[in-house]
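A closer look at the structure
What follows is each chain in one-letter form.
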Amino acid sequence: FQIDKYLYHMRLSEETLQEVSQRFRREMEKGLGADTNPTASVKMLPTFVRSTPDGTEDGDFLALDLGGTNFRVLRVKVSDNGLQKVEMENQIYTIPEELMRGSGVQLFDHIAECLANFMEKLKIKDKKLPLGFTFSFPCHQTKLDESILVTWTKGFKCSSVEGKDVVSMLRKSIKKRGDFDIDIVAVVNDTVGTMMTCGYDDHNCEVGLIVGTGTNACYMEEMRHIDLVEGDEGRMCINMEWGAFGDDGVLNDVRTEFDREIDMGSLNPGKQLFEKMISGMYMGELVRLILVKMAKEGLLFGGKLTPDLLTTGHFETRYVSAIEKEKEGLQKAHEILTKLGLEPSHEDCVATHRICQIVSTRSANLCGATLAAVLRRIKENKGLDRLRSTVGVDGSVYKKHPHFAWRLHKTVRKLLPDCEIRFVRSEDGSGKGAAMVTAVAYRLAAQHKARQKILEALKLSHEQLLEVKQRMRIEMEKGLGKETHMEATVKMLPTYVCSTPDGTEKGDFLALDLGGTNFRVLLVRVRNGMRRGVEMHNKIYSIPVDIMQGTGEELFDHIVHCISDFLEYMGMKGVSLPLGFTFSFPCQQNNLDEGILLKWTKGFKATGCEGEDVVNLLKEAIHRRGEFDLDVVAVVNDTVGTMMTCGYEDPYCEVGLIVGTGSNACYMEEMRNVELVEGEEGRMCVNMEWGAFGDNGCLDDIWTEFDLAVDELSLNPGKQRFEKMISGMYLGDIVRNILMDFTKRGLLFRGRISERLKTKGIFETKFLSQIESDRLALLQVRSILQHLGLETTCDDSIIVKEVCTVVARRAAQLCGAGMAAVVDKIRENRGLDFLKVTVGVDGTLYKLHPHFSTVMHETVKQLSPKCEVTFLQSEDGSGKGAALITAVACRIREAGQR
């Protein structure tokens, strides 16, 4: 009780610990920020270790552990045949006193000699094995395999090593010998090694902690928060160097007179102040200082002091552990105090026991407070309500003190009630851990190489894209020619739209838009002159499945019923208006107001329509109803509508492009080239139906196994091959097939294929747009993947994002190559050296995907340098566009009548 009062300042309340935790949180943020790092006391050093083990590591590795007067060489065999096992052999070598103070070259020559000796013994001198190097001195790391020594510590004083890269020094020494070769893959800090060793057995392990002679911790931080390293993708392990917490004075109110005294007597006054309150090097000394002060004040040992008790370092930290043991603690206290020349009473022994307890409890509490700050940060980084995580721990204080570990766990639980934290004792972080870091780096490199090789097939060169452009041109010519049209895959259908808007159009027009399960009726008012513009009203009607699959008469009667409802809704019953009909099914047009339905698609099956003129079917239904009369002026394809809508805004617009669920294009062709239609004068818009490009096998050399897989599972195998490489309906499935292939090869999702991943269509194209959005952190990528039932790591998310990028980029480039063929044909048609043209574009992929349009524009620019192409987003090509085609046709018709 008297002791508790005396050491009141060493007993920290929960409020104080919360406060320390919060202060540490702020110090971490300082260390991570580029501007604040130079003055931060907690240095938060990047280690360039980007991933923890996933259990599939495999191979033979060497490790070198240099951190004191002894150093070790290890050979670590990691095997993954479902039984993750690690075999180790090691040898300890000493470093003679004179070498610790000699030249750097001598030191590294000695290390190289010991390595040679070890490899000779194991008969592995002829192999070039990867090596991990644990170098436990303050270093500035710039790459995984480059580490610059900041200062020597622990009695080392080798000349001309400080400020140099220790890896290149070791490499030089090995090369000079010339009798063996190794691949130094990684320099590792022992704390990181601790985390990695545990990470092999527990994949949740993302924190490493050491509480031994010194103390330090590391954890996996999000790259986006690490200002000192380029890049925002993924995670990296941060070596916190947390022993220096408080060096800037932030712990002054928590430190006691004993802490100040210990600091003044140390080799590095003012440095590592947090470590001096916690670690094994100082714990015994703290107890000694307290005993001395209390004895001087006559509160212990009857006021008697001995030379031994007054000698620095004579009360060892292992004594603290011994005295705190449950059963023989007091007896141990008696033995130890007697050995120090004292004659302790029972009360003295009890008091000493209590002092040890207070000092070691404070150590565990402080350690728990900073650890809680780290775990809370991980939890917030991940955006979780509950964090489940594992901490790998090593160090003599944690392992040997009878109550330290339990007290540390208790503090963390108290400060973080909303987390489930497991503590795992690490075995040999500096040896096995270094080999693990190397094994993970090796696995990542091998997997990266394998993935790149697979993705190579989807990356198109400039030459390949030029080739696609040329082939598209050849197919276009085939579709236009009378002789070749029948067997052409790109059909180049005449639309009988012969002019784009000139701005003088005016009047009221109706438009119908039928292209799926919904159907729209629109009234479009076109004005010219000062108030030039378009005003629209529309209503959406659904088409019940029984009508989609009933008779043609029922379908068209339903459509006319909807028109009648709309006219009534607009208060225009009995008015006869010109009408444009967007009918997005394959048609053969023989005139602007005649479209023969070739075949139903998109789930329509109404009988008696295929082979018939849809304008007639509509007119008959209007007459059957007998309520109103409409002048059906034009049957319109939505791609042509897209071109016309933009043409109203921009007179240069002579091309239409849709890249949404499907893909198609149209453009103004010279009449002399449209051999299927009589007449040589003027122009006509040609609906290319370019989705079928490649159906004759002309794109087989850029087709991949993934395109084949998507095609085989589609509703129309072998058809619309170009569309299947570029449009929204298929991109997600290409991605899904690549992800499955990666997983089967063990390059993703730890080789586990979920049932969801095998399901066609789960990977919607909107996910591609979301995943690639630059604003989205990988967190959101993970949540999209989790929504798909895919358990992912951070590395997995990066890979998925990369696959999405490659697939979407190829789509945009192919689309651009097709466009380049179109604009160059227009330019050559007109015998121009330079063409200025606008393309009207619509479709979800073009409008919503974050990079598609940019990549497509770049591709067109590269492949058609003689054209200046502007892209204009179209609004409502199928509604407004149909009305404008009707308006243009009416304008021309009136001019003809005049």
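Residues numbered from 1 in each chain as written. Predicted model: local features only at pLDDT ≥ 70, side-chain atom pairs only at ≥ 80, totals over all residues. Heavy atoms only, no water.

1. Observations regarding the overall build of the protein
- Tallying secondary structure elements over the protein gives 29 helices and 26 strands in all.
- In terms of overall dimensions, the protein is more spread out than a globule: its C-alpha atoms have a radius of gyration of 39 Å, far above the 29 Å expected for 898 residues.
- Each principal axis of the C-alpha distribution contributes one length, and for the protein these read about 125 × 65 × 50 Å.
- Taking all 898 residues of the protein together, 58% fall into the buried category.
- Contacts in the protein between residues at least 24 apart in sequence constitute 70% of all its contacts with a sequence separation of at least 6.
- Of the accessible surface of the protein, which amounts to about 37,500 Å², a share of 50% is contributed by carbon and sulfur atoms. (Helix = DSSP H or I, 4+ residues; strand = E, 2+ residues; numbered from the N terminus. Rg over C-alpha atoms; globule rule 2.2 N^0.38 Å. Buried < 20%, exposed > 50% of the residue type's maximum accessible area, 1.4 Å probe, protein only. Contact = heavy atoms within 4.5 Å. Areas by Shrake-Rupley, 256 points an atom, 1.4 Å probe, with all protein chains shown as cover.)

2. Quick look at the side chain of Ser 874
- Along the chain, Ser 874 turns up in the loop between strand S26 (867-873) and helix H29 (880-897).
- Ser 874 sits in the buried class, given a relative accessible area of 0%.
- Filtering out sequence-adjacent residues up to four positions away, Ser 874 remains in contact with Thr 642, Thr 645, Cys 646, Val 841, Asp 842 and Lys 847.

3. Quick look at the sheet that holds strand S15 (residues 507-514)
- Read from one edge of the open sheet, 5 strands run S17-S16-S15-S18-S21, paired in mixed fashion. Bordering the open sheet on either side are strand S17 (533-542) and strand S21 (631-636), each of which pairs with just one other strand. Each strand axis lies, on average, 20 degrees off the axis of its neighbour in the sheet, ignoring direction.
- Across 5 bridges, the pairing between strand S18 (residues 578-583) and S21 is parallel. Following the sheet pairing, Thr 582 is matched in S21 by Val 636.
- Across the sheet, H29 lies against S15, strand S16 (518-527), S17, S18 and S21, angled at about 125 degrees from S21, the strand it touches most. (Pairing = 2+ DSSP bridges. Axes fitted to C-alpha atoms, helices over the stretch in contact; angles between N-to-C directions.)

4. What about unusual backbone geometry?
- Even without being a glycine, Met 44 presents a positive backbone phi close to 50 degrees.
- If you check the backbone angles, Gln 272 has positive phi at about 55 degrees while not being a glycine.
- Along the chain, Gln 272 turns up in the loop between helix H7 (257-264) and helix H8 (273-278).

5. Digging into the nonpolar core
- Of all hydrophobic cores here, the largest spans 114 residues; its most connected members are Leu 657, Tyr 667, Met 688, Trp 690 and Phe 763.
- No other element matches the 17 residues that helix H26 (residues 794-829) contributes to this core.
- Those residues in contact with Phe 763 that lie beyond four places of it in its chain are Gly 732, Asp 733, Val 735, Arg 736, Leu 739, Leu 768, Ile 771, Leu 785, Leu 788, Val 800 and Cys 804.
- Grouped together as the second largest cluster of nonpolar side chains are 112 residues, Cys 218, Ile 290, Met 294 and Leu 340 included. (Core = buried A, V, L, I, M, F, W, Y, C linked by side-chain atoms within 4.5 Å.)

6. Observations regarding the pairing of strand S24 (residues 683-687)
- In terms of burial, S24 is a largely internal element, 4 of the 5 residues being buried.
- Direction of pairing for strand S14 (residues 493-494) relative to S24: antiparallel, over a ladder of 2 bridges. By the bridge assignment for S24, Pro 494 is matched with Val 686.

7. A closer look at the pattern of salt bridges
- Scanning the model with the defined rule gives 76 salt bridges in all.
- The salt bridge involving Asp 4 is made with Arg 11; its shortest N-O contact spans 4.0 Å.
- One salt bridge in this structure joins Glu 206 and Arg 235, with 2.9 Å as the shortest N-O distance. Within this pair, whereas Glu 206 is found in strand S9 (residues 205-211), its partner Arg 235 is found in strand S11 (residues 235-239), the two being separated by 29 residues in sequence. Assigned by exposure class, Glu 206 and Arg 235 land together as buried.
- Overlapping salt bridges, with partners in common, bring together Lys 469, Arg 473, Glu 477, Asp 824, Arg 827 and Glu 828 in one network. (Salt bridge = Lys/Arg side-chain N within 4 Å of Asp/Glu carboxyl O.)

8. Points about the sheet that holds strand S5 (residues 130-135)
- With mixed pairing, 5 strands are arranged side by side in an open sheet as S4-S3-S2-S5-S8. In this open sheet, the two strands that pair with only one neighbour each are strand S4 (85-94) and strand S8 (183-188). On average, each strand axis in the sheet is tilted by 20 degrees relative to the strand beside it, whichever way the strands run.
- Relative to S8, S5 runs parallel, the two being bridged by 5 bridges. Counted as the bridge partner of Gly 132 is Ala 186 from S8.

9. Re a negative patch on the surface
- Taken together, the side chains of Glu 483, Glu 675, Glu 678, Glu 680 and Glu 681 define an acidic patch exposed on the protein surface.
- For Glu 483, the position within the fold is in the loop between helix H16 (462-480) and S14.
- By relative accessible area, which is 72% here, Glu 483 ends up exposed. (Patch = residues over 30% accessible without salt bridge, like charges linked within 9 Å, V, L, I, M, F, W, Y side chains within 5 Å. Lys, Arg positive; Asp, Glu negative; His and termini not counted. Charge placed at Lys NZ, Arg CZ, Asp CG, Glu CD.)

10. Focus: helix H9 (residues 280-296)
- With 17 residues, H9 should reach 24 Å at 1.5 Å per residue; the first-to-last C-alpha distance of 25 Å fits that figure.
- Of all 17 residues making up H9, 14 are buried, and the element is well covered by its neighbours.
- The positive-phi residue at the C-terminal boundary of H9 is Gly 298, with phi of around 75 degrees. (Expected span 1.5 Å × (residues − 1).)

11. Focus on the packing of helix H2 (residues 14-32) against helix H14 (residues 404-415)
- It is at 11 Å that the axes of H2 and H14 come closest, and there the two elements cross at 80 degrees. Taken together, the axis directions place H2 and H14 in an arrangement best described as roughly perpendicular. Each of Glu 14, Leu 17 and Gln 18 in H2 lies in contact with H14, whose residues at this interface are Thr 411, Lys 414 and Leu 415.
- Broken down by class, the residue content of the contact of H2 with H14 amounts to 2 nonpolar, 2 polar and 2 charged. (Parallel < 35°, antiparallel > 145°, perpendicular 65-115°, else oblique. Nonpolar A, V, L, I, M, F, W, Y, C, P; charged D, E, K, R; others polar.)

12. Focus: the environment of Met 28
- Residue placement: Met 28 occurs in helix H2.
- Along the sequence, Met 28 and Phe 245 sit 217 residues apart, while their C-alpha atoms lie 9.4 Å from each other.
- If we skip the residues at most four places from it in the chain, Met 28 touches Met 44, Tyr 219, Met 240, Ala 373, Val 374 and Arg 377.

13. With respect to the packing of helix H18 (residues 552-569) against helix H19 (residues 614-625)
- At a minimum axis distance of 9 Å, the contact between H18 and H19 shows a crossing angle of 65 degrees. H19 is crossed by H18, and the crossing has right-handed handedness. Taken together, the residues of H19 that come into contact with H18 (itself represented by Glu 553, Phe 556, Asp 557, Ile 559, Val 560, His 561 and Ser 564) are Val 614, Leu 617, Leu 618, Ala 621, Ile 622, Arg 624 and Arg 625.
- Here the contact of H18 with H19 is built from residues that sort into 8 nonpolar, 2 polar and 4 charged. (Left-handed = near helix turned anticlockwise from the far one by under 90°.)

14. Notes on the pairing of S18
- Where burial is concerned, most of S18 is hidden: 6 out of the 6 residues are buried.
- Because side chains alternate across S18, one face comprises the buried residues Pro 578, Gly 580 and Thr 582, and the other comprises Leu 579, Phe 581 and Phe 583, equally buried.
- The pairing of S15 with S18 spans 5 bridges and is parallel. Across the sheet, the residue bridging to Asp 513 is Thr 582, located in S18.

15. Brief notes about the packing of aromatic side chains
- All told, the structure shown has 23 aromatic pairs when counted by the stated rule.
- Through pairs of rings, three or more aromatic residues link up here, namely Phe 133, Phe 135, Phe 137, Trp 152 and Phe 156.
- Over the face of the ring belonging to Tyr 569 we find Lys 539, whose NZ or CZ atom lies 4.5 Å from the ring centre.
- The ring of Tyr 652 has Lys 836 sitting right over it, with the charged end atom 5.0 Å from the ring centre. (Phe/Tyr/Trp six-rings, centres within 6.5 Å; stacked < 30°, edge-to-face > 60°. Lys NZ or Arg CZ within 6 Å of the ring centre and 35° of its normal.)

16. Some remarks on H7
- Looking only at H7, the buried set comprises Phe 258, Asp 259, Ile 262 and Asp 263. Considered in projection along H7, the buried side chains sweep an arc of 135 degrees and stay on one side of the axis.
- Packed against the buried residues of H7 are helix H1 (2-6), H8, H9 and helix H12 (346-382). (Arc of directions from axis to C-beta.)

17. Side note on the state of the cysteines
- In this structure the tally under the stated criterion is 0 disulfides.
- The thiol of Cys 205 is unpaired, and the distance to the nearest cysteine sulfur, on Cys 198, comes to 4.9 Å.
- A disulfide-free cysteine, Cys 646 has its sulfur positioned 4.9 Å from the sulfur of Cys 653, the nearest such atom.
- Overall, the relative accessible area of 2% leaves Cys 646 in the buried class. (Disulfide = S-S within 2.5 Å.)

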